[in-house]
Structure formats: structure tokens, C-alpha cells
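Fold and geometry: a report
Listed here are the chains, written in short residue letters.
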Amino acid sequence: MIFKRRKPRSYAEIVSESVYPRGGWQRALRYVALRLRRLPDPAHKISRGIAVGVFMSFTPFFGLHFFLAALLAVMIRGNVLAALLATFFGNPLTFPLIASVSTGLGYWMVGEEGVPLSRIVWAFADASLDFWRNFLALFTPETANWQGLVLFLEQIFVPYLVGGLTLGIVAGVASYFLSAPLIAAYQKARVNRLKRRFAKKRKRAMARRAGAPAE
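Residues numbered from 1 in each chain as written. Predicted model: local features only at pLDDT ≥ 70, side-chain atom pairs only at ≥ 80, totals over all residues. Heavy atoms only, no water.

To continue, consider the nonpolar core. Ranked by internal contacts, the top residues of the largest apolar core, which has 22 residues, are Ile50, Val54, Ile120, Phe124, Phe152, Ile156 and Tyr160. When residues of this core are traced back to their parent elements, those giving at least two are helix 3 (43-57), helix 5 (80-86), helix 6 (95-110), helix 7 (117-137) and helix 8 (147-211). Core analysis: the second largest hydrophobic core is formed by six residues, Val52, Met56, Ala73 and Ala83 among them. (Core = buried A, V, L, I, M, F, W, Y, C linked by side-chain atoms within 4.5 Å. Buried < 20%, exposed > 50% of the residue type's maximum accessible area, 1.4 Å probe, protein only. Helix = DSSP H or I, 4+ residues; strand = E, 2+ residues; numbered from the N terminus.)

With that settled, the discussion passes to helix 6. Its 16 residues place the ends of helix 6 22 Å apart at the C-alpha level, agreeing with the 22 Å of an ideal helix rising 1.5 Å per residue. Those residues of helix 6 that sit buried are Ile98, Ala99, Ser102, Thr103, Gly106 and Tyr107. Down the axis of helix 6, the smallest arc covering the buried residues is 145°, so these residues share one side. Opposite its buried face, helix 6 presents the exposed residues Leu97 and Trp108, each directed more than 90 degrees away. Positive phi shows up at glycine 111, right after helix 6, with a value of about 75°. (Expected span 1.5 Å × (residues − 1). Arc of directions from axis to C-beta.)

Bringing the packing of aromatic side chains into the picture now. Under the criterion given, the structure shown has 10 aromatic pairs. The interplanar angle of 85° and the centroid separation of 5.8 Å between the aromatic rings of phenylalanine 124 and tyrosine 160 together place this pair among those described as edge-to-face. You can see phenylalanine 124 sitting in helix 7 and its partner tyrosine 160 sitting in helix 8, a full 36 residues away along the chain. The exposure classification of phenylalanine 124 matches that of tyrosine 160, with both residues buried. What links up through ring pairs into an aromatic cluster is the set Phe61, Phe62, Phe95, Phe124, Phe152, Phe157 and Tyr160. (Phe/Tyr/Trp six-rings, centres within 6.5 Å; stacked < 30°, edge-to-face > 60°.)

Coordinates in, geometry out; function isn't part of it.
See the structure below:
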């Protein structure tokens, strides 16, 4: 394959780069911004995609953010690639803040007492393992016990979902109205630069033709 790595990454490298990308977060952010600026769609479609990606970053559907962001972008006729890139808003650096604020708001909205962030992180990990154990138990002699998952949904997932959806809508709408005029201005300036560049090339070509000796 043309773009296949000569030396495949180890699992340790994959995990470490998901936490701290090669070249650092500053370079990764510049790459995302560059890709967003070069998208060919109109500004409003790109901004819809950005809003979807930012919104999805606040939801507790970990592992499904890419898929759900792409699906929602298609539903609202936004740019799918912009939605995928905007899910980068939820990353290991911003996750502690997003999770803390989302769950705190969710517990307040449902009228329950909150839990520490460390417990929330381990609860998601334990719930994932518990789900797979119970799923595999359907095909083995072992007995499935879904009580732990029911408690997880009631005590962790639902408050996170309620708070995350609320904050996600606010953040998504804000990102749309902030990004739309910026992208539109950038696209207009880029078109003007291309027009000026083309005019200069055409002027030089005409000058060369005018100065060429007649045959």
C-alpha cells in the first residue's frame, strides 16, 4: 500500500499518541485549523459540521463520537469532515473539564448529589468491562448480571447525558455563530487572493506575448 507505515505502531505508541500527539498539541491544533479552512463547502455548512462535532464532544457516548457526529452532520446537511475534525474539541486535555462541568450540571438538574471525577472515569471503565462480560455470558454457561450496569446508568450515565446535552447545545450553537463569519471572511479573502494571483499571471503572460518577435 502506498500510504502504509513502514514500521507499524505498537499499542503503547497508539495509546501515548492519543494522549499526546506526535509533534505536540499545538501542531495538532494547527493541523485541524488548516484542514477546516481548506474545506470546499460554503461557510454555513462547515459551521454546521463544527457545531455538531463540538456538541458531540459533550456527550458520554465515548467511542461513538466520530460515528454519531458524521450521522448528525448528514442529517442537518453539515460538512461531515468538519464534524469529525471538530470532535477534536473533546480530547484528553479538555475531557476533565467537560466531564466535571457536564456531570455537575447533570446532577444538579436531576436533583442528585454529585460524585468525584475519578469515580466517573473508573465507572465508565468498569461499565465497559461489565457490559462485555454480560454479553459474552449470553453465549456461555455463565449467568449475566446487569444490575451493575443499571446502577451505572442511573447514577453516572444519565446525569452526564443530561448535563452534557445541555452544555453541548450551548457550545454547539456558540461555535456555529462564532465560526460562520470567520470562515466566510477567510473564504472571501482566499478567493480574492487567487483572483489577484491569476490576474498577475495573466498580465505577465500577455506581456511576454506582446514582447515576442513576430514569426
